[in-house]
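Survey of secondary and tertiary structure
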Amino acid sequence: MDRRHVPVASTSSHGGKSRAHHLEHVRTSSGASRFVRGHKQQPSVSVTSTDEPRFNLDNYRSWARRQRKRARENTWARLENAFNACYQKWIIERLLRQYPLPPSKDGRHIPLTYGHVRETPLKDDRTGSTKPFCSNFIRSSRYTVWSFLPKQLYFQFSKLANFYFLIIAILQAIPGLSTTGTYTTIATLIPFIAISMAKEGYDDYRRYQLDKRENRSMVSVLDPKHTASGKLKGKKRRENADVEMSMAELDDFNSPANVWSKMQWQDLRVGDIVRLYRDESLPADIVLLHATGPEGVAYIETMALDGETNLKSKQACPLLAKRCDSLAKLRACNAQVVSEDPNIDLYSYEGRVTVDNETMPLTLNEVVYRGSILRNTTHATGLVINTGEECKIRMNANKEIRAKMPAMQRKINHIVLFLVAFVAFLAVGMTTANEVWKSRYLHKGWYLKAVSVKEILIGYIIMFNTLIPLSLIVSLEIIKLGQLFLLQDVEMYDAESNTPMVANTTTILENLGQVSYVFSDKTGTLTENKMRFRKLSVAGTAWLHDMDVKRDDLERERRLQLIKGKGKSNNVTSTMSVESASTEPIKTPLINHAKSFVTKQTSTTWTSTGRPSHAQPELNTEKLLLYVYQKPDTAFSKKAKQFLLCVALCHTCLPETKADGTVEFQAASPDELALVKAAQDLGYLLVDRATQSVTLQVKGPESGLDLNETYEVLDVVEFSSKRKRMSIVIRMPDGRICVFCKGADSMILPRLKLAHLAMQKASDISRKATLRKSVEATRALHRRSMQAQHSLDIVRAASSKQHGFRGVNAPTRSSVVSDAVDSWLDHREHDDLDEPGHEEVYQSPMVMSPASFGHDHELDGMIDESLASNDGAIFERCFQHIDDFASEGLRTLLFAYRYMEDKEYASWRKTYQEATTCLVDRQQRIEEAGELIERDFDLAGATAIEDKLQAGVPETIDKLRRASIKVWMLTGDKRETAINIAHSARICKPFSELYVLDALKGELQESMVSTLIEIGRGMVAHSVVVVDGHTLSIIEEDETLKAIFFDLVVRADSVICCRASPSQKANLVKCIRDTVPSSLTLAIGDGANDIAMIQASHVGIGISGREGLQAARISDYSIAQFRFLQRLLFVHGRWNYLRTGKYVLATFWKEMVFYMAQAQFQRWNGWTGTSLFESASLAVFNTLFTSLCVILPGIFEKDLDAATLLAVPELYTYGQRNEAFNYKKYIAWNVMAIIESIIIYTIVHCLYGDSSHDLFAFGQLVFTVVVIFINTKLFVLEMHHKTTVTLIGWLLMVGGWFVWNLFISGSGVMKHTAGPYPVKDNFTHGFGRHALWWVTGFLALAAVVVFELCVTALRRVYFPKDQDLWQEIEHLGAGKVLEEHAATGDVERGGATQAQAGEGVKLGKIDSGGTVASA
Amino acid sequence: MARRSLPNPKPRAVKGTRGRRRELDIYLADDHAAEPHSGAAPSPTSGTATHRDNMAEPSPGVGHTDSIDSRDDPNKPVDKKKKKSRRPANTAFRQQRLKAWQPILTPKTVIPIFFVIGIIFAPIGGALLYASATVKELQIDYSTCNTDAPNTTDSQPMPTDLIKASFKTDKPAINALWRRELTNHTYHGSYVVENITKCILTFTTPEDMGPPVLFFYRLTNFYQNHRRYVSSFYDKQLKGDSVSVQAVKDSSCSPLTSDGDKAYYPCGLIANSMFNDTFASPVLTNKPSLTETKVNETYVMQNSSNIAWDSDNALYGNLPAGTDYDTILPPPNWQKQYKDGKYSTDSPPPDLNNNQQFMVWMRTAGLPTFSKLYMRNDSHAMEAGTYDIEILSEFPTTEYQGTKSIVITTTSPMGGKNPFLGILYVVVGGLCIVLGAVFTVTHLIKPRKLGDHTYLSWNKVSNNAAKSGPGGPAIGMSTGRDLA
């Protein structure tokens, strides 16, 4: 088949005309539909019209098939699969008699028996009712006592290098073959492997301990016969008894005998009835029997499962609920639950319950999974349906966790393989040479006797085996420990939560420098999960609510003070450094005092992180209140009051008045909480909510006194994800009935009284928005094409200036460079953000308020009263505001209300009652009933809630993008929420094209293909693909869809995945690993639902200190704040990558230099294998004389300053392109090694060889030159960051060599011997006293150093790399500017800085840098 | 209200309620202290609002406090005693802020480096050349003496390519002549071996040499570093320990350990192949005397001391007293020198302890071409004149295409003649200067702009991306965009 016609999949990779042509006509249809944009962030997927010729996907399918085939035909994979199959068949099934369980006929039948299960466990249908259900014991440790050793040995020796050394060790142990001792290799290898194994063992033991803690958590179980208490011993039992007593008191079952036993989780069985108390975790998957919440609702937090932050309300099935609300009833209840077989799907559940021949389905609404937490509900009772490993959360957990390997390891392995081949080649080649030599010389050489081929060959193998030094692995561990030690960066320490960065593994440190995909969780990772009421729009005016901005600042300040005060009290050193802080400049780019002070002045400003340049309303809600108080009777004030009333009433929050009179709210979602709090701020305090009424404390209009007003709640039509709105019917104090509704704009809009007008205005606004967006997108595209021209010209200017002045005017030069770099960086930073100047043109006019609001009476001017009575204008403004809010990443809600007649209500009430009590399709009927009153609304206003991002998140994401890292957001949350956050976190830009893939909205394949084509055309400024879990599961099932999907997502600039289950998240990561094997993935998350993803990725990062510790514990690295990712990746990741790369290169290089000298010498001994070097010195070459020169740069090297790396994230691409260690580089270093080795050997051979008295003197001279050269090159020429450590290292190594020589020569350790290496006294009395020896050595050394210098200089001057250029820029004095730019992304521009600054002022000093910087 | 708290199933230690209460008090105090800051808010409720909001987080409930991890609840005051700051040490070392020397190889820094190296090396080279030039050396290859030298009493001129000489005088006239004769030689005091080729070399030294004057023999193409050869000795036997025949057989002397039940003494390939030409001290044949006639004067060079390393003395000892000569044999190559090829009281085994020539030989050379000191004179100069040297030429070299030569040389601080050393110094120095010059010139003609943007890789990539049309953000090359 002609390649050009392989259509879409390959389009963007095969450039050229055919594609452009092919795409053009597709564009016509999709382009048009794209502009019909939903009101908010509605899916803008272009749905291909039907008249369009169907895409010929056959080609794509065949492409996908080929791909699959190729994947399948991988020999190694096939072998492995075959092996696994055999293992499964023979070992597991035949030997251990463990068969995979067949699916049961119709699910598991669990009778609801009163504690009966405690005596006789239920049998699992799937085993033919022979075995009980699996226990509730969980095991996440990877090894058992028995499997540890074989598995670990296999694992250790499956490492190529270890295996190689094992072979060498065995060869060495065969007597008569080795020339270098018998046990040297094995003696080094065994302790090393033992340590690695011990480390693994310890890790696994820790996991075991954690499991144990979880398994032994307590839960109370219905156990009338007290079977459990016998298992608890001694003291514990007594304690339990105490607890039991108090429980009994609380027990509303009022049973005289206590039938509840505390027992460990692991003893729980299927069929048990468990009783849960508030804030307890679920020990297993249960079917809810009864809950004490309002109307039998139990509120469940499922964050650990799916990351959703909303509390979910679960309700027992009505059949069960009424039969299980007391112990007596429970005892009498004869129910049977039939549950689906355990499966991985978190989002659906099927089951049924039969009581007295009455059957009802069980759905997600009645089932609670292990890992959730009971909230806001005093008690709940449930029937255990799945236990242990069969719980949904365990099924979702990543079972086969492979040990993470550094990406570099693969290449190292290849090189080791290559070197093995090279050693073999050398050995064979030299053996052949020896044969030739023998045939030409030996028979004439009467004084010689031949050496057998076998001895020669193996002798050579053993001689050159150290080309792959054992120290490679050992020292690698050492440098990683060192890197780990230096990873403890104060700038990654979060003072607020007192959490430093924690590294759980050293193995994959360098992976941090090569990341190209970041998979981020949303809740708790990007966001703080604090909802803040931010803006409102009422009667055509937008207001900023900044009271909680201030409140947050204050709180942060206070907390910091607490920590700091404590820090000082018990940390003497920190106080000392406080004092010295003034004298010694703190080199931290995160501090930016000047900026902090500026922001302090305007403390009430709030900028959207999504669109920082966006103009903000200058009115805040304080002024709104003021106005309403002053002019309570204007149209505007009335509307405002009505709106505030809406906010205060339309919710389901429960207030709790505390002892000290403050009110605390219980809300199902943090959004509602934010709204209620805002209402409180605005004068409507919710003080009481009885079942049927709401009491508000309202500021009296005139007196300012608190008035309590009671509103009777008649009905609540609850929120559901389908309805996207909630309504509440209230009887107002004046007796009128009013229905309040809040919901998504798309839901409210059609239900307004003036829906037609509203729709028209909305589409006007959306047209404008689309226009603005397309203009922005065009500009972004333009900018991108201009990027090349607009690069670092300025530096050129600066450098030419520098050459002009020749350093005469040094300060000028450095300032010129600084300015140049500054403007260049500015340009890059604001690359994708619009300049504010352009903005106004495309926006509807805002209310332009008078310049100052110094006095209250000037408030008149700021409100356009005429506007308040013009519905059209209000709509227009309001929708404009909503659009603005949304594009700033705020979550918008519309509020509407309608007064209704009593009559109307009464009739509706009837319908609604019927719906709520109906048993079939209840949900649907409730929705239908809701529809009836949700109409003809008056628009009250709109609110915008900010899901508060963590500090510095958008800046970090910007920088990640600049570093060519793709940021994907995988969340369990709703699509709208996810998109909102994507906007505020700048994963989506204002002009981004969003492609929503939704299986429910028609042809998935076609929409994907058309999206692919559009992206492929390159005319999309920034493309974001949005996909949800359901769609994803459909995609995962179909290979073709999968192929297209992954082709699409790797091309998109970003991907948002919402409503994804943990295993889907992990799967996505895995698939990217497979689809783009060259990429390195990083997953970052904070909750238990991220664990699978964290484990599946190359690098797993946990956010610690906030949500929970599961993710942090299981992750490879944990940080306290998302923004620390910048430092972790750009600075430490890059450094460590560079260091490790350099270490590996240098290690191979030095062996090459050393052994190539050895190889050259072989030509002069008849290729017989006589060693040039004395064996004792040879044995310690790697450890004593050339260890630090690879280890220290491996730990301490820094090619660029942290500030530079942070300011120029583009430098991060260094690792993505594998520039520190690749084959090209390896070959280059090796070529250098060979040349240098030749130079050294030849010089020594020619100048000293003949004059030497013995082989030892000769060999020692080569050795000396090599040692000094290796150390000099690696310490001085290669290491950019030369500190005292470097100097000490060099002195130790080179000095050590001479000390060694003195030692072996002078001390009594070495005895006098004859033979080639007369060590004793030779250095002290022999060659060491010969000037020729020294002079030759010096010359050889100088010659190689000059050669090295020459090559390096040529490369640097004529073929400079990025880091060379930035080193020059640093050198030219741009450090200050770079530091400033490094700081921009790190410090949150708003509150955090302020609080910091405020505190800094108050304390008058800085706690040695770090604390301040980290906020 | 949704609380973000640990869904942590583990039971947590219940903290003492009294402690909690105290913390709360502290916290409340703090809260009130913080209140004035919120005074900016004009709303009369905002003060209390702040307060309430802060208090909103901890809520009562059974078992509630237990399940909240302290870090989850930002409002919960930290326990001052228990929790200490986990901030990493902020030292220059830990934070990688050590002062560093970071020179950059810019054209400006490279050029001076080259010039400096050049300027340092050139004079060193000169000095070394001078030192080498002061060494007077004469080297005569007599390998073919046994066959090519005239077997007469008249010496014939040697082929000139066998002679190398370096004296101050240009083109010195060495006038080397050679002849050979068969002679009888008495070994070890009593055993006379007949018909040994004696090679007589005659040469003229144009200048006085030394002192000291060293006399070397020089072998080429002789692999003393051969793997089997080099280790073929038995240190205990050499040391003079009493060793059994079996011990010798098992020793490292393999493959030359014994003949039948008799062990070679000394065993091994090295000893066996010991250089066995015998050199007499050169004899000055035209020494001008007080009388007109020229007299012969032997320039005595001693060969029994000071030619081996002092330290080597310790390695060699005499045959242990009372060794039965029947249990040992001379090595095959030595047997010619002993009656019946055996040791006997008349021709006893060599006294290794005092045999410095043996020691010199046993110190194996590193390369197949080597010189070994045979004799020396440290006290007197070797006058200019014509010398005769008698050599008992027994060592076969032509078989393996090797050569043997005598080398008579004076010394310099650098040892012997070694002109290449100086030359190489000059060459390296010169190369540096040339490189420096080249760099300077290219830099002046076409300077590379420091920090030139065209070299930045992401610019290159973006250029490419722009050219190839689609491709999204400029720097996406490594992120899978180039997927096939």
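Residues numbered from 1 in each chain as written. Chains lettered and ligands numbered in written order. Predicted model: local features only at pLDDT ≥ 70, side-chain atom pairs only at ≥ 80, totals over all residues. Heavy atoms only, no water.

Check the secondary structure of chain B and you find 13 helices and 15 strands. In chain B, buried positions account for 50% of the 484 residues. Working note: accessible area of chain B is about 21,600 Å², and carbon and sulfur atoms make up 55% of it. (Helix = DSSP H or I, 4+ residues; strand = E, 2+ residues; numbered from the N terminus. Buried < 20%, exposed > 50% of the residue type's maximum accessible area, 1.4 Å probe, protein only. Areas by Shrake-Rupley, 256 points an atom, 1.4 Å probe, with all protein chains shown as cover.)

Once that is clear, we can look at the overall build of chain A. If you tally the helices and strands in chain A, you get 52 helices and 33 strands. The long-range share in chain A, meaning contacts at least 24 apart out of those at least 6 apart in sequence, stands at 76%. Roughly 52,300 Å² of accessible area belongs to chain A as shown, and the carbon and sulfur atoms make up 59% of that amount. (Contact = heavy atoms within 4.5 Å.)

So, about the UniProt feature "transmembrane region" (unreviewed entry) in chain B. Here, UniProt's "transmembrane region" (unreviewed entry) annotation points to residues 109-131 and 420-445 of chain B. Summarising residues 420-445 of chain B: 100% helix, 0% strand, and an end-to-end C-alpha distance of 36 Å. (UniProt positions renumbered as here; feature names shortened; annotations may be inferred.)

Take the sheet that holds strand 7 (residues 258-259) of chain B next. Through backbone hydrogen bonds, the strands of a sheet pair up, either in parallel or in antiparallel fashion. Residues and elements named next belong to chain B. Spatial strand order, 7-8-12: three strands in an open sheet with mixed pairing. Two strands close off the open sheet at either side, each with one partner strand: strand 7 and strand 12 (328-329). Pairing geometry for strand 7 and strand 8 (residues 262-264), over two bridges, is antiparallel. Paired with Asp259 across the bridge in strand 8 is Lys262. (Pairing = 2+ DSSP bridges.)

UniProt annotation of "domain: P-type ATPase C-terminal" (unreviewed entry) refers to residues 1112-1361 of chain A when read in the numbering used here. Helix makes up 71% of residues 1112-1361 of chain A and strand 1%, with an end-to-end C-alpha separation of 37 Å.

Here we take up the environment of Lys417 of chain B. Residue and element names in this part refer to chain B. Along the chain, Lys417 falls in the loop between strand 15 (403-409) and helix 11 (419-445). Here Lys417 falls in the partly exposed class, since its relative accessible area comes to 25%. Placed 284 residues apart in sequence, Lys417 and Ala133 show a C-alpha to C-alpha distance of 7.4 Å. Ignoring anything within four residues of it in the chain, the contact list for Lys417 reads Ser132, Ala133, Val135, Glu137 and Ser166. Among the polar contacts listed, one links the side chain of Lys417 to the backbone oxygen of Ser132, at a separation of 3.0 Å. A distance of 3.4 Å separates a polar side-chain atom of Lys417 from the backbone oxygen of Val135. (Polar contact = N/O pair within 3.5 Å; in protein donor to acceptor, adjacent residues only side chain to side chain.)

Residue and element names in this part refer to chain A. Put simply, helix 15 (residues 471-486) and helix 39 (residues 1124-1162) touch, their axes get as near as 11 Å, and they point 160° apart. Here helix 15 lies roughly antiparallel to helix 39, going by the angle between them. Of the two possible hands of crossing, helix 15 and helix 39 adopt the one that is right-handed. Contact residues: Ser471, Leu472, Ile473, Ser475, Leu476, Ile479, Lys480, Gln483 and Leu486 in helix 15; His1132, Asn1136, Arg1139, Thr1140, Tyr1143, Thr1147 and Phe1148 in helix 39. For the contact of helix 15 with helix 39, a count of residues per class yields seven nonpolar, seven polar and two charged. (Axes fitted to C-alpha atoms, helices over the stretch in contact; angles between N-to-C directions. Parallel < 35°, antiparallel > 145°, perpendicular 65-115°, else oblique. Left-handed = near helix turned anticlockwise from the far one by under 90°. Nonpolar A, V, L, I, M, F, W, Y, C, P; charged D, E, K, R; others polar.)

Turning to its location among the elements, Arg228 of chain B is positioned in helix 6 (residues 227-230). From its side chain, Arg228 of chain B meets the backbone oxygen of Ala450 of chain A in a polar contact 3.4 Å long. Among the polar contacts made by the side chain of Arg228 of chain B, one reaches the side chain of Glu455 of chain A at a distance of 3.2 Å. Those residues in contact with Arg228 of chain B, other than ones at most four positions away along the chain, are Lys449, Ala450, Val451 and Glu455 of chain A together with Ser254, Pro255 and Leu269 of chain B.

Moving on, we come to helix 35 (residues 1039-1051) of chain A. Given a rise of 1.5 Å per residue, 13 residues ought to cover 18 Å, and the 18 Å separating the end C-alpha atoms of helix 35 of chain A matches this to within 8%. Taken together, the buried positions of helix 35 of chain A are occupied by Thr1040, Leu1041, Ala1043, Ile1044, Phe1045, Phe1046, Asp1047, Leu1048, Val1049, Val1050 and Arg1051 of chain A. (Expected span 1.5 Å × (residues − 1).)

Another aspect to go through is the pattern of salt bridges. Residue and element names in this part refer to chain A. Enumeration over the complete set of coordinates arrives at 56 salt bridges over all chains. Of the charged contacts in the structure, one is a salt bridge between Arg751 and Glu931, with a shortest N-O distance of 3.0 Å. Note that Arg751 is positioned in the loop between helix 22 (745-748) and helix 23 (755-786) and Glu931 in helix 30 (residues 922-933), a separation of 180 residues in sequence. Look at Arg751 and you get buried, because its relative accessible area is 14%. Exposure remark for Glu931: the relative accessible area of 36% places this residue in the partly exposed category. Through salt bridges with shared partners, a single network forms among Lys1142, Glu1197, Lys1273, Glu1278 and Glu1348. (Salt bridge = Lys/Arg side-chain N within 4 Å of Asp/Glu carboxyl O.)

Residue and element names in this part refer to chain B. Under the criterion given, the structure shown has two disulfides over all chains. Put simply, Cys145 and Cys199 are joined by a disulfide, and their sulfur atoms are 1.5 Å apart. Here Cys145 and Cys199 share a disulfide; its torsion about the S-S bond, 105°, makes the bridge right-handed. Taken together, the residues Cys145 in helix 5 (residues 145-148) and Cys199 in strand 5 (residues 191-205) connect sequence positions 54 residues apart. Overall, Cys145 belongs to the buried group, its relative accessible area being 0%. Its relative accessible area of 0% is what places Cys199 among the buried residues. Two residues share a disulfide in this structure: Cys253 and Cys267, whose sulfurs sit 1.8 Å from each other. (Disulfide = S-S within 2.5 Å.)

With that settled, the discussion passes to the packing of aromatic side chains. Both the distance between ring centres and the angle between the ring planes are used here to describe each pair of aromatic rings. Residue and element names in this part refer to chain A. For the structure on display, the rule yields 79 aromatic pairs over all chains. In this arrangement the basic side chain of Arg1134 is found over the ring face of Tyr1214, its NZ or CZ atom lying 4.5 Å from the centre. Across from the ring centre of Trp1149, 4.8 Å away, lies the NZ or CZ of Lys1273, which sits over that ring. (Phe/Tyr/Trp six-rings, centres within 6.5 Å; stacked < 30°, edge-to-face > 60°. Lys NZ or Arg CZ within 6 Å of the ring centre and 35° of its normal.)

Time to look at the pairing of strand 15 of chain B. It is a general feature of regular strands that their side chains alternate between the two faces of the sheet. Residues and elements named next belong to chain B. Counting buried positions along strand 15 yields six of seven residues, so the element is predominantly enclosed. Both strand 1 (residues 137-141) and strand 15 contribute to a ladder of five bridges, which runs antiparallel. Considered in strand 15, the bridge of Glu137 is made with Thr409. Relative to strand 15, strand 6 (residues 213-220) is paired through seven bridges, and the arrangement is antiparallel. Across the sheet, Thr220 pairs through a bridge with Thr403, a residue of strand 15.

Residue and element names in this part refer to chain B. A grouping of Leu129, Phe420, Ile423, Val426 and Val427 is seen on the molecular surface, where their side chains present a nonpolar patch of about 400 Å² in accessible area. Among the elements that make up the nonpolar patch, the one with the highest residue count is helix 11 (four residues). Position of Val426 among the secondary structure elements: in helix 11. According to the relative accessible area criterion, Val426 is partly exposed, its value standing at 36%. (Patch = residues over 30% accessible without salt bridge, like charges linked within 9 Å, V, L, I, M, F, W, Y side chains within 5 Å.)

Moving on, we come to helix 31 (residues 953-962) of chain A. All names here are of chain A. Judged by how many residues are buried, helix 31 sits mostly within the fold: ten of ten residues are covered. Turning to helix 31, its buried residues number three or more, namely Val953, Pro954, Glu955, Thr956, Ile957, Asp958, Lys959, Leu960, Arg961 and Arg962. Where helix 31 terminates, the next one or two residues include Ser964, which has phi positive at roughly 65°.

Okay, the environment of Gln880 of chain A next. All names here are of chain A. Considering the arrangement of structural elements, one finds Gln880 in helix 28 (residues 871-887). Residue class for Gln880 comes out buried when judged on its relative accessible area of 5%. Put simply, Gln880 and Ser766 are 114 residues apart on the chain and 8.4 Å apart in space, counted from C-alpha to C-alpha.

All names here are of chain A. Judged by pairing direction, the sheet is mixed, and its nine strands sit side by side in the order 14-33-32-31-15-27-30-29-28 without closing on themselves. Every other strand in the sheet has two partners, leaving strand 14 (502-503) and strand 28 (993-997) as the edge strands with one partner each. Across four bridges, strand 31 (residues 1081-1085) lies against strand 32 (residues 1099-1103) in parallel orientation. Looking across to strand 32, one finds that Ile1084 is bridged to Ile1101.

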